[in-house]
Amino acid sequence: MDSPDWRPVARMETLRARAALMAAVRDFFAQRGVLEVETPLCSRYATTDPALDPFVTRYAGPHAPPQGTLYLQTSPEFPMKRLLAAGSGPIYQICKAFRNGEYGRRHNPEFTLLEWYRPGFDHRRLMGEVAELVQTALGAAMPVERWTYADLFHHHLGIDAFHAPSDALAMRAREFGVDTEGMAGASRNAWLDLLLSHVIEPRLPPDRLIFIHDYPASQAALARIRPDDPPVAERFELYVGPMELANGFNELLDPQEQRRRFRAEQRACTMAGTPERPLDERLLQALAAGMPATAGVALGLDRLLMLKVGARDIREVLAFPLERA
Amino acid sequence: MATYSTNEFKGGLKVMIDGDPCSIIENEFVKPGKGQAFNRVKLRNLKTGRVLEKTYKSGESVEAADVLETDLQYLYTDGEYWYFMDPESFEQYTADKAAMGDAVKWIKDQDVCTVTLWNGSPIGVEPPNFVILTITETDPGLKGDTSGGGGKPATLETGAVVRVPLFVQTGEAIKVDTRSGEYVSRAKEG
């Protein structure tokens, strides 16, 4: 990265590996009859997730939204679900997603996402297909393990992730040597995220695919909640070593429940003092019209390429990361 | 009170931690795709040199430390304090033993050091990477051995002791690398 600013950071052979990866992904879905689609990068609606900060841009012209405000997508989830409701059948998309402020060894604020939806699959069946895609892309038959969120926390930390109170989670973090002074006012979910990212992730083996599934209902995002005792979100994540590669759901179908979650997130944004974002009424209309039962997943292609070429920093696989954009 | 938000964190940023000025060595952004983002930072306490690790929820703020690194000329010591001068403004600064650290072993008057100032007072002194010092005492060494293979201890005018080749003698000036504390060469005349 000491080369002159105009030059790419990724080496040419890495860029060739990127092109080969894209071709392999497209081939994987072509063989399975999954349709490639494109949806808008700019939308009048935005994610309401308070943990995500979308880029905002302006449009002047016919059909301009209020104040001309358009949001760059943080993921293509909402418009792809509208296609599913319109009867598209199985679909995938390779696109750029944008998340403001996210910059680090595994983050660039603009990155490439692979997202796909499988009507008729549940999240368990989709985990199987994710494993096949990753093994195909990496050209390696890596072993696959599936862990429930509860089992993983019990195994690594000896705690009950579903019932332990916040101060017990905080104490466990300190016992594992994590300084927690900068965590003032953290929610229970933030403590769980801290333990997962600071203690468990670094201990995950790098030679296999680890699926974590059945998340606490408080971390459901857009997943269905199964009314077990305790209730669990039908959500999964894929890790290879400490690298989070994919997040998937057995998708929420109920428009009323979806509206409740949007509203709760909008309230959380207001509480945090971040500007409220317009919730996607067209997604709610699509859900009301009826979306088939579907599992869906988003996978970070830059990170998959990092694994493929053995990169330690996402900048090694990008021609022009943020600082050279 | 000036503060930095976690999204301004980067290597070299100076912040206050538990009442001490610290410099960020490394800032790692950690964020699950869904959920809380964290900044995991490694810092060096500029007073003690100790390295510590802290985790912040992204969006938290930390007090800025008024820390400045500047080149100052060393003037003299009275045994208790060491006196420096800014060669441009002629302003004088006083460093105590704790701020001097290892630098006392290497510097003599006129040397230009990189001094870390916190609220205007020295808390750290870096000597020049290379200094030239005169040997005040060393064994004459074995006659005829010029290989310099084993070497011998030599005391320098500042009191520091370094290993030198056998052929180097008392009264000679030598060049020393202050980062490793090792002999580099005989100092060239002039």
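The coordinates are above.
The model shown is predicted, which means the values in this text are computed figures rather than measured ones.

> I keep staring at the interface of chain A and chain B and nothing clicks. Help me out?
One frequent convention defines the size of an interface as the accessible area lost when the parts assemble. On the chain B side, the residues contacting the 27 residues of chain A number 18 residues. Summing both partners gives a buried area of about 2000 Å² for chain A against chain B, and 51% of it is carried by carbon and sulfur. Where chain A packs against chain B, one counts four salt bridges. Taking the shortest distance from any N to any O, the salt bridge between Asp 179 of chain A and Lys 54 of chain B comes out at 3.2 Å. Counting across the chain A and chain B interface gives eight residue pairs in polar contact (both at pLDDT 80 or more). The residue inventory of the side of chain A that touches chain B, partitioned by class, reads 11 nonpolar, eight polar and eight charged.

> Hey, could you run me through the environment of Thr 39 of chain A in this one?
All names here are of chain A. Here Thr 39 shows up in the loop between strand E1 (35-36) and strand E2 (42-43). Sequence separation between Thr 39 and Thr 112 is 73 residues, and the spatial gap between their C-alpha atoms is 14 Å. Those residues in contact with Thr 39 that lie beyond four places of it in its chain are Pro 76, Pro 79, Met 80, Leu 83 and Gln 93. Within the local environment of Thr 39, its side chain forms a polar contact with the side chain of Gln 93, the two groups lying 2.9 Å apart.

> Is there a simple way to explain the sheet that holds strand E8 (residues 82-85) of chain B in this structure?
Residues and elements named next belong to chain B. Ordered by their spatial adjacency, five strands build an open sheet running E9-E8-E7-E10-E11, and the pairing between neighbours is antiparallel. The sheet terminates laterally at strand E9 (92-95) and strand E11 (121-126), the two strands that pair on one side only. Strand-to-strand twist in this sheet, taken as the mean axis angle between neighbours without regard to direction, amounts to 45°. As paired strands, strand E7 (residues 67-77) and E8 are joined by four bridges and run antiparallel to one another. Its bridge partner being in E8, Thr 77 is matched across the sheet by Trp 82.

> Looking at this model, I keep getting lost on the pairing of strand E12 (residues 294-300) of chain A. Mind explaining?
It is a general feature of regular strands that their side chains alternate between the two faces of the sheet. Residues and elements named next belong to chain A. For E12, the tally of buried residues reaches seven of seven residues, placing the bulk of the element in the interior. Of the strand pairs in this sheet, strand E11 (residues 243-250) and E12 are connected by five bridges, and their pairing is antiparallel. By the bridge assignment for E12, Phe 249 is matched with Gly 296.

> Please explain the nonpolar core as it appears in this structure.
Generally speaking, a soluble globular protein has its nonpolar side chains buried in company with each other. All names here are of chain A. In terms of nonpolar packing, the biggest core is built from 47 residues, with Tyr 149, Phe 153, Leu 195, Leu 196 and Ile 212 touching the most fellow members. Ranked by residue count, the leading element in this core is helix H6 (residues 188-200), at eight residues. Of all hydrophobic cores here, the second largest spans 40 residues; its members include Ala 17, Ile 94, Phe 121 and Phe 211.

> When you look at the packing of aromatic side chains in this model, what are you seeing that I'm missing?
To describe a pair of aromatic rings, one takes the distance between the centres and the angle between the planes. All told, the structure shown has 12 aromatic pairs over all chains when counted by the stated rule. Relative to Phe 29 of chain A, the ring of Phe 28 of chain A has its centre 5.2 Å away and its plane inclined at 90°; by these criteria the two rings are edge-to-face. The two residues Phe 28 of chain A and Phe 29 of chain A agree in class, both being buried. One aromatic cluster in this structure is built from Phe 28, Phe 29, Tyr 92 and Trp 116 of chain A. Across from the ring centre of Tyr 215 of chain A, 4.2 Å away, lies the NZ or CZ of Arg 235 of chain A, which sits over that ring. The ring of Phe 130 of chain B carries the charged tip of Lys 175 of chain B above its face, separated from the ring centre by 4.9 Å.

Rules of the game
Residues numbered from 1 in each chain as written. Chains lettered and ligands numbered in written order. Predicted model: local features only at pLDDT ≥ 70, side-chain atom pairs only at ≥ 80, totals over all residues. Heavy atoms only, no water. Contact = heavy atoms within 4.5 Å. Buried area = accessible area lost by both parts, 1.4 Å probe. Salt bridge = Lys/Arg side-chain N within 4 Å of Asp/Glu carboxyl O. Polar contact = N/O pair within 3.5 Å; in protein donor to acceptor, adjacent residues only side chain to side chain. Nonpolar A, V, L, I, M, F, W, Y, C, P; charged D, E, K, R; others polar. Helix = DSSP H or I, 4+ residues; strand = E, 2+ residues; numbered from the N terminus. Pairing = 2+ DSSP bridges. Axes fitted to C-alpha atoms, helices over the stretch in contact; angles between N-to-C directions. Buried < 20%, exposed > 50% of the residue type's maximum accessible area, 1.4 Å probe, protein only. Core = buried A, V, L, I, M, F, W, Y, C linked by side-chain atoms within 4.5 Å. Phe/Tyr/Trp six-rings, centres within 6.5 Å; stacked < 30°, edge-to-face > 60°. Lys NZ or Arg CZ within 6 Å of the ring centre and 35° of its normal.

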